[in-house]
Amino acid sequence: MRALEFCKRNLKETYRDPLSLGFLLGFPLVFMLLFGLAIGGETTPEYNIGVVDQDQTEISQAFVDEALAEAFEVTPYDDPLLALEDLKVGDLRAYITIPQGFGEQVSQKRRGGEGNIALDITYDESDIMVAQQVISIVDTITRSFAGIEVSVTLNTSPIHIESKITYMDFIAPGIIVFGILILIPTSARMMVRDKEKGFLGRLLTTPTRPWEFISGYSLCLFAVGIAQIIIFMVVAYFMGLDIVGSAGLVFLVFVLTALCCIGIGMIISSLTKTENQADPLSWIIAMPLAILSGCWFSLEMMPSWFQSIAYAFPFAHTIEASRSILIRGTGLEAVSSDFLFLVIWTVLVFLAGIILFRRSMVS
Amino acid sequence: MSELNNSPLAIQTCGLTKHFDSLVAVDGIDLSIKKGELFSLLGPNGAGKTTTITMLCCLLKPTAGTASVMGHDISEEPFKVKELIGVAPQETTISERLNSWENLNLIGRVHGIGSKELRKRSEELLETVGLVERAKDRVGKFSGGMKRRLNLIMALVHDPEVLFLDEPTLGLDPQSRRAIWDYIAELKGKKTILLTTHYLEEADVLSDRVGIMDDGKIVALGTPDELKESISDRGTMIISAENLSDKVTEGLRTRGMHVEVDKATSKLKVSGKDLNFREVVDYLHSQDVTIHSASLEQPTLEDVFLRITGKELRE
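Definitions and cut-offs
- Residues numbered from 1 in each chain as written.
- Chains lettered and ligands numbered in written order.
- Predicted model: local features only at pLDDT ≥ 70, side-chain atom pairs only at ≥ 80, totals over all residues.
- Heavy atoms only, no water.
- Helix = DSSP H or I, 4+ residues; strand = E, 2+ residues; numbered from the N terminus.
- Buried < 20%, exposed > 50% of the residue type's maximum accessible area, 1.4 Å probe, protein only.
- Areas by Shrake-Rupley, 256 points an atom, 1.4 Å probe, with all protein chains shown as cover.
- Core = buried A, V, L, I, M, F, W, Y, C linked by side-chain atoms within 4.5 Å.
- Contact = heavy atoms within 4.5 Å.
- Buried area = accessible area lost by both parts, 1.4 Å probe.
- Salt bridge = Lys/Arg side-chain N within 4 Å of Asp/Glu carboxyl O.
- Polar contact = N/O pair within 3.5 Å; in protein donor to acceptor, adjacent residues only side chain to side chain.
- Pairing = 2+ DSSP bridges.
- Axes fitted to C-alpha atoms, helices over the stretch in contact; angles between N-to-C directions.
- Parallel < 35°, antiparallel > 145°, perpendicular 65-115°, else oblique.
- Left-handed = near helix turned anticlockwise from the far one by under 90°.
- Nonpolar A, V, L, I, M, F, W, Y, C, P; charged D, E, K, R; others polar.

Colleague: Give a description of the overall build of chain A that names residues and reports values.
Modeller: Helix and strand counts for chain A stand at 15 helices and four strands. Counting the 363 residues in chain A, one finds 52% classified as buried. Entry remark: accessible area of chain A is about 16100 Å², with carbon and sulfur atoms responsible for 62%.

Shown next, in the form of structure tokens:
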């Protein structure tokens, strides 16, 4: 078991270096706390939203009181023109018109029926950032509101709907994915350091095979990644993240994502010779991947060609799957395609890592 | 030596060549090193010694030519070769945050040595190079000499059949260098050893055979004595004398000898092809020169090296 011996060595090298250990474990903690505090934990940003309820059903009222009111400061209007006035003077950031038939559509959905749920949102175009966030949140809330499985008897009293979406729920998957993406530079650094210092060269004169080297590094980094994810999730939980679905399943999605990042880091280290080369290259790769994942800006707001590129990479799928599990409580079947995508990417990245490593073994 | 002549080959290279772009680092060398032989590669910096060793360790693909270690081709069966070799690289490469035990353990384990045997062997090796007392300290805190010693025994912990030692004593204080060379002397005959070094006097004492490399080629090959003999036709005398006149030195020069005079110490260095000690002394007497002392200098590997490559080994 050369890989295990090698992994043991790598772990010792890591945990005996207080600075790097502090970075690896302290970083996710500080990162998550900062984000959590910056967005105010459980409290959502104080967006003033107007609501014109033209449906006037129990469901639409519940939607306003139970769902929207959780996320926004809601002001009801009877007349859309008045809402428009307030939007123009800046008293509102946006207003939502709930059209007639909304309640009917939602109850159809809940019975498993087809059909779209339409909402009109009017907002100030010049206020792009806030407008996009508001739209994302409204979208998430609405989907969650309509998508939760509620038994038929509960239909008349939608008060029981557990859609208490906090801003943390909405943003946590993105922060965690960004944190996991930092495993790319971490992994590249670990491997390229041994290469630069010649230690890898020495081990290459032993009968250790390429896959054993890769496993030795990956297992060590995997342990680091798991520790990081646990820290991320625990801190997020204490900062107000509600886990509606299975925490284990979300954990699995994050773990797969971490593996994928480790693989990408390995590839980078195979293509570089020194830490000074590997570090900038890792960031040049990790940053676009972060933007493409939608961890900072919701992908739904981006042009469709951009979205197609984004969904070709695994990280948008991570956010999609984890958000779906966290907020809507979906199971493995619902996220199986995202899951499969992650698995395929991870396998491909590791194959490429081994091929490149084999090539760099003999120069 | 006699049993070596009949033993099979441990290392064989055939036209082994390595180009780095336009630079020819190793230029078609043919080497046959027998089992149990201690072979030293000498040469100035950049002669291609390390490149040769790196190819033999299967870390560098030859541009042309072949090589085999214990009968296994380095390109065809690299992992077979790697099972049989121990390498102490020129740069000290140890895992800084592990202690000596753990470093030795890692190398032993990846070679598949059982933990009991590994412990015994590590203990012996640490004892030999005097690292037992510090064995549990992290090696990052070691002195340069201690790291170097650990670097060496890491090549030995799995009891390899063939040892590659690239400048094992580079940058060490005389005492540590002495300790390492004593240990290598102990290994002599038990292992096949290919080493490179800058220290010619030590190569002289230890090596069964020496190969002198220059510009990627083996320019001289033989036992240290053979090599020295090869230049013995050119003798050197050091004479301490009085009454030296220009006429006398001129007279020596006309006899085809190279003469250097150090006026301050009134010492005379005479060298030449087929130098005859008696003849020189007689000539000086005949010229009324008073000789205090006269000695014939034995050629050293340094002389051989200088003669063959025209370069000083240490710049």
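Alright, that's what it looks like, and here's the rest.
Colleague: Let's hear about the nonpolar core: which residues, and what values?
Modeller: Phe-164 and Leu-194 of chain B are the most contacted members of the largest nonpolar core, which totals 136 residues. Each residue touching Leu-194 of chain B, except ones within four places of it in the same chain, is listed here: Ile-11, Ile-33, Phe-39, Leu-41, Ile-53, Leu-56, Leu-163, Phe-164 and Leu-165 of chain B. Formed by 23 residues, the second largest nonpolar core is a distinct cluster that contains Ile-49, Val-106, Val-134 and Phe-145 of chain A.

Colleague: Explain the environment of Leu-11 of chain A to me, using residue names and the numbers behind them.
Modeller: All names here are of chain A. Within the secondary structure layout, Leu-11 lies in helix α1 (residues 2-15). A relative accessible area of 29% places Leu-11 in the partly exposed class. Separated by 205 residues in sequence, Leu-11 and Gly-216 place their C-alpha atoms 9.4 Å apart. The contacts of Leu-11, once residues within four sequence positions are left out, are Cys-220 and Ala-223.

Colleague: Residue-level account of the interface of chain B and chain A, with values.
Modeller: Taken together, the 32 residues of chain B in the interface contact 24 residues of chain A. Of the roughly 2500 Å² buried where chain B meets chain A, counting both sides, 57% is carbon and sulfur surface. Area buried by chain B at its contact with chain A is led by Phe-79, Arg-97 and Val-110 of chain B, which between them contribute 27% of it. Taken together, the links from chain B to chain A amount to five salt bridges. At the boundary of chain B and chain A, one finds 15 residue pairs in polar contact (both at pLDDT 80 or more).

Colleague: Describe helix α6 (residues 144-153) of chain B, naming the residues involved and giving the relevant values.
Modeller: Of all the ten residues making up α6 of chain B, nine are buried; the element is thus mostly covered by neighbouring parts of the structure. Inspection of α6 of chain B places Gly-145, Met-146, Lys-147, Arg-148, Arg-149, Leu-150, Asn-151, Leu-152 and Ile-153 of chain B among the buried residues, and these make up the whole buried set. Each element contacted by the buried residues of α6 of chain B is listed here: α9 (199-203) of chain A together with β6 (85-88), α4 (100-110), α5 (115-128), β7 (162-166) and α7 (174-187) of chain B.

Colleague: An account of the sheet that holds strand β5 (residues 72-73) of chain B is requested, with residue identities and associated values reported.
Modeller: All names here are of chain B. Pairing within the open sheet is antiparallel, and its four strands lie in the order β2-β1-β4-β5. Among the strands making up the open sheet, the edge pair consists of β2 (23-34) and β5. Note that strand β1 (residues 9-20) and strand β4 (residues 64-69) share five bridges and pair antiparallel. Directly across from Ile-11, in β4, lies its bridge partner Val-69. Packed on one face of the sheet, helix α2 (residues 49-56) meets β1, β2 and β4 and runs near 115° to β1.

Colleague: Break down the packing of helix α11 (residues 247-271) of chain A against helix α15 (residues 336-361) of chain A for me, citing the residues and quoting the values.
Modeller: Residue and element names in this part refer to chain A. It is at 8 Å that the axes of α11 and α15 come closest, and there the two elements cross at 25°. In terms of orientation, α11 and α15 fall into the roughly parallel class. Taken as a pair, α11 and α15 cross one another with a handedness that is left-handed. On α15, the residues that touch Leu-252, Val-253, Leu-256, Thr-257, Leu-259, Cys-260, Ile-262, Gly-263, Ile-264, Ile-267, Ser-270 and Leu-271 of α11 are Phe-339, Leu-342, Val-343, Trp-345, Thr-346, Val-349, Phe-350, Ala-352, Gly-353, Leu-356, Phe-357 and Ser-360. Considering only residue class, the contact of α11 with α15 consists of 18 nonpolar, six polar and no charged.

Colleague: Mind laying out the pattern of salt bridges, listing which residues take part and the relevant values?
Modeller: One pass over the structure, following the stated rule, counts 23 salt bridges over all chains. Linking Arg-209 of chain B and Glu-37 of chain B is a salt bridge whose minimum nitrogen-to-oxygen distance equals 2.5 Å. Of this pair, Arg-209 of chain B sits in strand β9 (residues 209-214) while Glu-37 of chain B is found in the loop between β2 and β3 (38-42), placing the two residues 172 residues apart along the sequence. The exposure class assigned to Glu-37 of chain B is buried, which follows from its relative accessible area of 1%. One salt bridge connects Arg-134 of chain B with Asp-137 of chain B, and the closest N-O pair in it is separated by 2.6 Å. The exposure class assigned to Asp-137 of chain B is partly exposed, which follows from its relative accessible area of 30%. Among the charged side chains, a network of salt bridges with common partners joins Glu-5 and Lys-8 of chain A together with Arg-109 of chain B.

Colleague: Give a detailed account of unusual backbone geometry, specifying residues and quantitative values.
Modeller: Residue and element names in this part refer to chain B. Look at Met-70: it is not a glycine, yet its phi comes out positive at around 50°. Here Met-70 shows up in the loop between β4 and β5. Overall, the relative accessible area of 17% leaves Met-70 in the buried class.

Colleague: Before we move on, can you summarise the sheet that holds strand β10 (residues 217-222) of chain B with the specific residues and values?
Modeller: Sheet strands pair by backbone hydrogen bonding; their relative direction is either parallel or antiparallel. Residues and elements named next belong to chain B. Spatial strand order, β6-β7-β8-β3-β9-β10: six strands in an open sheet with mixed pairing. Among the strands making up the open sheet, the edge pair consists of β6 and β10. For this sheet, the mean angle separating the axes of adjacent strands, direction not counted, is 15°. Running at roughly 150° to strand β8 (residues 192-197), α7 makes contact with β3, β7 and β8 of the sheet. Most of the contacts of helix α12 (residues 301-309) go to β9, to which it runs at about 35°, and overall it touches β3, β9 and β10.

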